[in-house]
Amino acid sequence: MSAGENRILFKNIDQPGYGRDIDSYMAAGGYETLKKAVGMKPEEICSEVMDSGIRGRGGAGFPAGMKWKFLDRKSGKPIYLVCNADESEPGTFKDRQIIYKDPHQLIEGMMISAYGTQTALAFIYIRGEMYEGARILEEAIEEARAKNFLGDNILGSGYSCDLIVHRGAGAYICGEETGLIESIEGKRPYPRIKPPYFPAVLGLYMCPTIVNNVETLCHVKHVIERGGKEYAKIGKPGNTGTRIWSVSGHVQKPGYYEIECGAMTYGELINDLCGGLRPGRKLKAIIPGGSSSKVLRADERFTGKLKDGTEFDWGVGDIPLDFDSPMAAGTMSGSGAVIVMDDSTDIVGALANINAFYAHESCGQCTPCREGSLWLKKVTARMIAGEAREEDADLLKSIADQIEGRTICAHGEATAWPVQSFILKFRDEFIEYARKQAAERKAKNAQPAAVA
Amino acid sequence: MSEKGQTDKVTVNIDGKDVDVPTGITMIEAAEIAGKEVPHYCYHPKLSISGNCRMCLVEMGMPMRDRATGEPVMDDDGKQKIGWMPKPAIACNSKVSPGLHIKTDTDLVKDCRNGIMEFLLVNHPLDCPICDQAGECRLQEFATDYGRGFSRFIEEKNVKPKRTVLGPRVILDDERCILCSRCIRFMDEVADDPVLGFTERGSYSTLTCFPGKNLDSNYSLNTVDICPVGALTSRDFRFKMRVWFLKSVKSICTESSAGANTEVWQREGKIYRITPRRNDAVNDTWMTDSGRALYKQVEAENRLVQPKVNGGSASATEAVSAASKILKESDKIAVVASTHSSVEEQHFLSKLVRGKKAKVHAVAHLGEEDGLLLSADRTPNTRGAFITGLISELPSADLSALGSQIDAGEVDTVLAVHEDLAAVGLSDEQIDKVKLIQIATVSTPSAEKAAVLIPSLTVFERSGSFVNQQFRLQKFHAVVPGPAGLLSDLQVFASLAALTAGGVSESVRLKDAWDSLSSEIEELQGLQFRTIPDEGLAVPPGNFANIPFPEKKSLKFDSREFVREAMGVSEAS
Ligand SMILES: Cc1cc2nc3c(=O)[nH]c(=O)nc-3n(C[C@H](O)[C@H](O)[C@H](O)COP(=O)(O)O)c2cc1C
Ligand code: SF4
Ligand code: SF4
Ligand code: SF4
Ligand code: FES
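Below: a short report on this structure. Computed from a predicted model, the values in this text were never measured in an experiment.

**Examining the overall build of chain A**
Consideration 1: Tallying secondary structure elements over chain A gives 17 helices and 13 strands in all.
Consideration 2: Radius of gyration (C-alpha) of chain A: 23 Å, near the 22 Å computed for a compact globule of 452 residues.
Consideration 3: Expressed along its principal axes, the backbone C-alpha trace of chain A runs to roughly 90 × 45 × 45 Å.
Consideration 4: A total of 452 residues make up chain A; the buried ones form 59% of that total.
Consideration 5: For chain A, restricting intrachain contacts to residue pairs at least 6 apart in sequence, the fraction spanning at least 24 positions comes to 70%.
Consideration 6: Element-wise, carbon and sulfur atoms account for 53% of the exposed surface of chain A, whose accessible area totals about 17,200 Å².
Consideration 7: Charge-centre separation for chain A: the mean point of 55 positive side chains lies 3 Å from the mean point of 60 negative side chains.

Written as structure tokens, this is what we have:
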């Protein structure tokens, strides 16, 4: 653990001698909280989670307690709990640490959540590429079942719930919660239209369903362990608890870092925890919350007022690591994936890479995202192939504008935001890119004439 | 049933004007009532909402209420404030509610439509000159109405399969497909034969049949109708005719007593295709594939066009007068009536039957029901035959009863309408024993033996009405002229009735039929052919509801529910 970190979820991860088996977990106090939980009333669990103020770690940052409250309990239909372990947003590699190295923490968090919401059946939807992770989870589930932490009449409480691992088949869109639900149902993961298909009302098999991220569900364990109000003291109001940041790109020590919300800034994360940039390099840009979040330019300044009225005036490095601050800076903390780019970065190439991803991952259901994402990709692919035009910058922005806010699911925004922000913040570089290519072409075409 | 009508109304505001619309309709339908077109592709009134094309985006607002108190929030003029949604909303997905506000003509809405049209066209092939959909293509229409008019796309277009045979009657051009999923939803939700789906993803998504499956349902051609573009085409109609040269005539499908409403499309006396005509009380917007093929009988190889008397050619009038002589001379006549005949034809035929005290036989043509639009009675007008008094018992399985009457010498003359006697139970000896007057459209061995053979017109060459399984009176109109020199059955029966009664043959029109129908038949009182609406008219079934008709259940008809309603019995708990 690096100085400045506050490891709660990752307390045991990577510790020498700590294994992923149930004995290691229990030796470190594992499953004690589940024992405590089944002695409480389910409503009490829910209200502790509400009190904790804990927000979803999957991307949108929606308060978990509130989400649970939306569950349609009047329908009389069974309730399902689904853990979103699809972790596919480029730059993000936090959930898999838990799955591969401390699977019982997730299982405990899920069984507490399942008991609290009175779930009939729980699922872990795991990204298709993580087949080893799926095997590890299966193994852990069997260990937990042997000890009656899940299955029938859990710890004599009278409450029964099973846990099923469902593997994806390698599609980013399966991380979108309604696409995920369709996928579990055995269909193509076409995200559903809302209304009417809000998961808490009409989710899996048209029953009320909670979808939460791996990290979110692990936090539930710590919320119940400490009590909601006590947990809420970690971090700051509206931004409680710790967050795990996945840092990649041009830093000396890329990796995952668990930090109390608001305790550090992006600059401190990059310079102190990650050992700064490579020698002789200067910061060019940061993607602050997964590839879909809006890029921040190194020399930008952000001023304004926070929700609580405090004024701020930040450089990029001054933005606190939490939920609301990146939002105030016009971007988002998303999945907590920080991608650092130094001055060696070809910004057009970087966008071409992102565009290729979102075009490849668009499910193809709705027109703007389906056609727009591939068009964006084709434009930036042409640009990096040497056929850039000056007008491409504005064309890219305009295509993205025609996608944002007009699609079935947030993949549309995920596609549009990078493009809009790259062009807004690096427009000159895109135009210069085209001019340079034009000049090179001209020089090349002129050569034979000079020879003749 | 659907005829009860929606009386509940809500007031919504569309582009600044308050409009009263029925509850339960979508924003698209409400806008239509207000005279505002909301362009759309994936929405279809008879299919589930998929919301994928995004063409119908509009601005939507609701009257504001205070979150805490629930009290309406007022503006300075004392009107309730409208909370406009920050993003455009699809108009196909939301039902109207009181106070709903919609804007369909703002800059944002126009920009949305522009954008969608541009997106739909970037990978669309420029096939219009060779595309069957041209002229009735929503992509062409909306591109003109809502598009930018120029393309900013200079990249390579996607390449997809151009001619995938999906089934015996439907062919697919994937490049033209705009992935609206209407066809998929139709096959799943209406045809109950889910064989279509998409493979690949993103812009490379490709419509296809599931492995090992075929689009061979008897409803497959409905996918061609609802495909908003030229992606799905009918193998029968493909490349035959430009649609703008075709004129359509309203007709009724004669395949069964379901009586699907249709449009028959012709040019210069030739029929090219049949498509369903929307009738929410009967067939919604659907029809069978088999029903669409019926126009081929017009040009059937064995079509009869030459009237004959004793094997020799005659004019139609000569044939009718020869037939009337035969009928006059006998008092042992049997009529083999047809439930393919129209109400009007049956009416005149029953006059003849009554005048000559003829015995009446009818043969049932039954088949398996498909629960949708192919009912057990494979003729269009059994109910009409009852109402006109032509028959009083259900048609029988075959003509063995008539055979016995012939054997017993009780019948020596048979007027057979549209039935091939040998095929429905009479032996050659029995046929040889009687004087046969045969009315038919196609030749058969027994027709060739007739003393008088009167070729007849197909449903596409005559006008009239049928009463379907729901006791719904529906009219059909002549699409093309019949073979030269032939008389309509209506005229033939009217003349025979007049001549055998000692009168003279006069030319009759539908109006003449209706003048007497509406005065003589209680159920049809006050009706005239021209007053029957295009969507048909429910006729009171009276005691006929008790008859054990063979139909059980189809798309809009449930025999048990029907009888309950006809008898005025409320649902037993
Ligand atoms: C295109 C797309 C991909 C997503 N991928 C993931 C993912 O891989 N993992 C995840 O937890 N949430 C993902 N989400 C967010 C989920 O839809 C959902 O909000 C989240 O799982 C809710 O969990 P939380 O409330 O605990 O954050 C994605 C959303 C979108 C629009
Ligand atoms: S926005 Fe993209 S990913 Fe989401 S439903 Fe539409 S096409 Fe699919
Ligand atoms: S589908 Fe419409 S726009 Fe496309 S080629 Fe055919 S007629 Fe033209
Ligand atoms: S084939 Fe036609 S109906 Fe089917 S999805 Fe494509 S465009 Fe829609
Ligand atoms: S009609 Fe396609 S989204 Fe509304």
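**Some details on the pattern of salt bridges**
Consideration 1: Taken as a whole, this structure holds 74 salt bridges over all chains when the rule is applied.
Consideration 2: With a shortest N-O distance of 3.5 Å, Glu108(A) and Lys221(A) are connected by a salt bridge. Remark: Lys221(A) occurs in helix α10 (residues 214–226) and Glu108(A) occurs in helix α6 (residues 103–117); sequence separation between them is 113 residues.
Consideration 3: Relative accessible area serves as the criterion here: at 0%, Glu108(A) is assigned to the buried category.
Consideration 4: The class of Lys221(A) is buried, set by a relative accessible area of 6%.
Consideration 5: Of the charged contacts, one joins Asp558(B) and Lys553(B) as a salt bridge, the two residues approaching to 3.7 Å between their closest N and O atoms.
Consideration 6: What makes Lys553(B) partly exposed here is its relative accessible area of 47%.
Consideration 7: The structure contains a network of salt bridges with shared partners spanning Arg382(A), Arg389(A), Glu391(A), Asp392(A) and Glu155(B).

**A few points about the interface of chain B and chain A**
Consideration 1: Counting residues at the interface gives 38 residues for chain B and 35 residues for chain A.
Consideration 2: When the two sides are added together, the surface that chain B and chain A hide from each other amounts to roughly 2,900 Å², 51% of it contributed by carbon and sulfur.
Consideration 3: On the chain B side of the contact with chain A, Phe119(B), Arg152(B) and Arg201(B) bury the most area, a combined 26% of that side's loss.
Consideration 4: Summed over the shared surface of chain B and chain A, the result is three salt bridges.
Consideration 5: Among the ionic pairs, Glu155(B) bridges to Arg382(A), the shortest N-O distance being 2.8 Å.
Consideration 6: If you look at where chain B meets chain A, you find 24 residue pairs in polar contact (both at pLDDT 80 or more).
Consideration 7: Counting residues per element, the ones that place at least two in the side of chain B that touches chain A are α2 (107–122) and β9 (196–199) of chain B.
Consideration 8: With nine residues, α2(B) is the single largest residue contributor to the side of chain B that touches chain A.

**Quick word on the pairing of strand β3 (residues 162–167) of chain A**
Residues and elements named next belong to chain A.
Consideration 1: Where strand β2 (residues 121–126) meets β3, six bridges bridge the pair, whose relative direction is parallel. When the sheet's bridge partners are listed, Leu-121 is paired in β3 with Asp-162.
Consideration 2: For the crossover that starts at β2, traverses helix α7 (residues 131–146) and ends in the parallel β3, the hand is right-handed.

**Comments concerning helix α3 (residues 138–146) of chain B**
Residue and element names in this part refer to chain B.
Consideration 1: Taken residue by residue, α3 has Leu-139, Phe-142 and Tyr-146 as its buried positions. In an axial view of α3, the angular spread of the buried residues amounts to 75 degrees, which keeps them on one side of the axis.
Consideration 2: Among the structural elements, α2 are those in contact with the buried residues of α3.

**Here we look at the site of ligand 1**
Residues and elements named next belong to chain A.
Consideration 1: Taken together, 20 residues surround ligand 1, and among them Gly-58, Asn-84, Asn-212, Asn-213 and Thr-216 come closest.
Consideration 2: In this structure, an oxygen atom belonging to ligand 1 sits 3.3 Å away from a main-chain N or O atom of Glu-87.
Consideration 3: Interatomic distance of 2.7 Å between a side-chain N/O atom of Thr-216 and an oxygen atom of ligand 1.
Consideration 4: When the free accessible area of ligand 1 is taken as 610 Å², the share hidden by the protein chains comes to 90%.
Consideration 5: Of the residues forming the shell around ligand 1, the biggest block, three residues, is contributed by strand β4 (residues 209–213).
Consideration 6: Residues of the shell around ligand 1, tallied by class, amount to four nonpolar, ten polar and six charged.

**A few points about the site of ligand 2**
Consideration 1: Taken together, 13 residues lie around ligand 2, and Cys363(A), Cys366(A), Cys369(A), Cys409(A) and His411(A) are the ones closest in.
Consideration 2: Broken down by class, the residue content of the shell around ligand 2 amounts to seven nonpolar, six polar and no charged.

**Details of the packing of aromatic side chains**
Consideration 1: The full count for this structure, using the stated rule, is 26 aromatic pairs over all chains.
Consideration 2: On the basis of an interplanar angle of 35 degrees and a centroid distance of 6.2 Å, the ring pair of Phe62(A) and Phe70(A) is categorised as tilted.
Consideration 3: Taking the relative accessible area as the measure of exposure, Phe62(A) reaches 37% and is therefore partly exposed.
Consideration 4: Ring centres of Tyr41(B) and Phe142(B) lie 5.3 Å apart, and the angle between their planes is 70 degrees; this geometry places the pair in the edge-to-face category. Of this pair, Tyr41(B) sits in the loop between α1 (27–33) and β3 (57–63) while Phe142(B) sits in helix α3, and the two are 101 residues apart along the sequence.
Consideration 5: A relative accessible area of 0% places Tyr41(B) in the buried class.
Consideration 6: Here the aromatic residues Phe386(B), Phe471(B), Phe544(B), Phe549(B), Phe557(B) and Phe562(B) are joined through ring pairs into a cluster of three or more.
Consideration 7: The ring of Trp245(A) has Arg243(A) lying over it, and the distance from NZ or CZ to the ring centre is 4.8 Å.
Consideration 8: It is Arg273(B) that lies over the ring of Trp265(B); its NZ or CZ is 4.6 Å from the centre.

**Considerations on the nonpolar core**
Consideration 1: Counting residues in each nonpolar core, the largest one holds 60 residues, and the members touching the most others are Tyr41(B), Phe186(B), Leu196(B), Leu207(B) and Leu232(B).
Consideration 2: With five residues, helix α4 (residues 182–190) of chain B is the single largest residue contributor to this core.
Consideration 3: Setting aside anything within four residues of it in sequence, one finds Leu196(B) in contact with Leu166(B), Cys183(B), Ile184(B), Met187(B), Leu207(B), Thr208(B), Cys209(B), Phe210(B) and Leu215(B).
Consideration 4: Counting 59 residues, the second largest nonpolar core, distinct from the first, contains Ile13(A), Trp68(A), Ala85(A) and Ala144(A).

**Re helix α16 (residues 392–403) of chain A**
Residue and element names in this part refer to chain A.
Consideration 1: The terminal C-alpha atoms of α16, which comprises twelve residues, lie 17 Å apart, in line with the 16 Å expected from a rise of 1.5 Å per residue.
Consideration 2: With nine of its twelve residues buried, α16 lies for the most part within the structure.
Consideration 3: By the burial criterion, the buried members of α16 are Asp-392, Ala-393, Leu-395, Leu-396, Ser-398, Ile-399, Ala-400, Gln-402 and Ile-403.
Consideration 4: Gly-405 sits one or two positions beyond α16 and adopts a positive phi of about 80 degrees.

Procedures and definitions
- Residues numbered from 1 in each chain as written.
- Chains lettered and ligands numbered in written order.
- Predicted model: local features only at pLDDT ≥ 70, side-chain atom pairs only at ≥ 80, totals over all residues.
- Heavy atoms only, no water.
- Helix = DSSP H or I, 4+ residues; strand = E, 2+ residues; numbered from the N terminus.
- Rg over C-alpha atoms; globule rule 2.2 N^0.38 Å.
- Buried < 20%, exposed > 50% of the residue type's maximum accessible area, 1.4 Å probe, protein only.
- Contact = heavy atoms within 4.5 Å.
- Areas by Shrake-Rupley, 256 points an atom, 1.4 Å probe, with all protein chains shown as cover.
- Lys, Arg positive; Asp, Glu negative; His and termini not counted.
- Charge placed at Lys NZ, Arg CZ, Asp CG, Glu CD.
- Salt bridge = Lys/Arg side-chain N within 4 Å of Asp/Glu carboxyl O.
- Buried area = accessible area lost by both parts, 1.4 Å probe.
- Polar contact = N/O pair within 3.5 Å; in protein donor to acceptor, adjacent residues only side chain to side chain.
- Pairing = 2+ DSSP bridges.
- Right-handed = clockwise from strand over helix to strand, strands pointing away.
- Arc of directions from axis to C-beta.
- Near = heavy atom within 4 Å.
- Nonpolar A, V, L, I, M, F, W, Y, C, P; charged D, E, K, R; others polar.
- Phe/Tyr/Trp six-rings, centres within 6.5 Å; stacked < 30°, edge-to-face > 60°.
- Lys NZ or Arg CZ within 6 Å of the ring centre and 35° of its normal.
- Core = buried A, V, L, I, M, F, W, Y, C linked by side-chain atoms within 4.5 Å.
- Expected span 1.5 Å × (residues − 1).

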